[in-house]
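# Observations on chain architecture
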Amino acid sequence: MSTNPRVSSAIEGESPHFASVLAHQPAIAERFGALYGAFWDSDVLSARLKEVARMRNARITQCGFCRNVRFDKAVAQGLGEEVVAEIDEGYEASARLSDTEKAILKFTDAIIHDPELLTGADRAALQKHLSPDQIAELGLGVTLFLALAKALITMGLEPERMERSVLPTPSRAMAG
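Cut-off values and rules
- Residues numbered from 1 in each chain as written.
- Predicted model: local features only at pLDDT ≥ 70, side-chain atom pairs only at ≥ 80, totals over all residues.
- Heavy atoms only, no water.
- Helix = DSSP H or I, 4+ residues; strand = E, 2+ residues; numbered from the N terminus.
- Expected span 1.5 Å × (residues − 1).
- Buried < 20%, exposed > 50% of the residue type's maximum accessible area, 1.4 Å probe, protein only.
- Contact = heavy atoms within 4.5 Å.
- Salt bridge = Lys/Arg side-chain N within 4 Å of Asp/Glu carboxyl O.

Here helix α7 (residues 99-112) is 14 residues long and its end C-alpha atoms lie 20 Å apart, about the 20 Å a rise of 1.5 Å per residue gives. Judged by how many residues are buried, α7 sits mostly within the fold: eleven of 14 residues are covered. Those residues of α7 that fall on the buried side of the exposure criterion are Thr-100, Glu-101, Lys-102, Ala-103, Ile-104, Leu-105, Phe-107, Thr-108, Asp-109, Ala-110 and Ile-112. Contacts made by the buried residues of α7 are with α3 (47-61), α8 (120-129) and α9 (132-154).

This is the structure we're talking about:
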């Protein structure tokens, strides 16, 4: 992936990074931050389950930032590296991932790749483990994850190297 910024920083003297590039459009950036924070603030779906989908998106898109960040709420809910390691090809056979997590991963794959990947059996499993409001929240979240990863990659804003980091879970309070 690209680590050569393709967009300048809007903040004088600061090198390009996601926030400094978004500063070219502060009103839109603020609204995006509020939306992303509202998604993470919602308890309709647990942070762990949201993070499972986010990690799958990171693996598929190969976003260097996304692959190396863990959010603290999901870690506190028991999402450890041994589970994250299973969020890869062949996750269906994982003994560490729950049936709910596997259903979420199938749904995530369908959103990212092709809706036809979500077979009748997969839809039934998703509906068995998640309520309609949880499925809606998950779908919107995966959409945000994909958009954010693709924007970072395309704008060349991925770090060249990055250690695995646990960061505070985004929230509306952080966006404002």
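Still to come is the rest of the account.
Attention now moves to the pattern of salt bridges. In total, this model carries eleven salt bridges according to the counting rule given. Between Glu-81 and Arg-164 there is a salt bridge whose closest N-O contact spans 3.1 Å. Of this pair, Glu-81 sits in helix α6 (residues 81-84) while Arg-164 is found in the loop between α9 and β2 (165-167), placing the two residues 83 residues apart along the sequence. Residue Arg-164 is classed as partly exposed on the basis of its relative accessible area of 47%.

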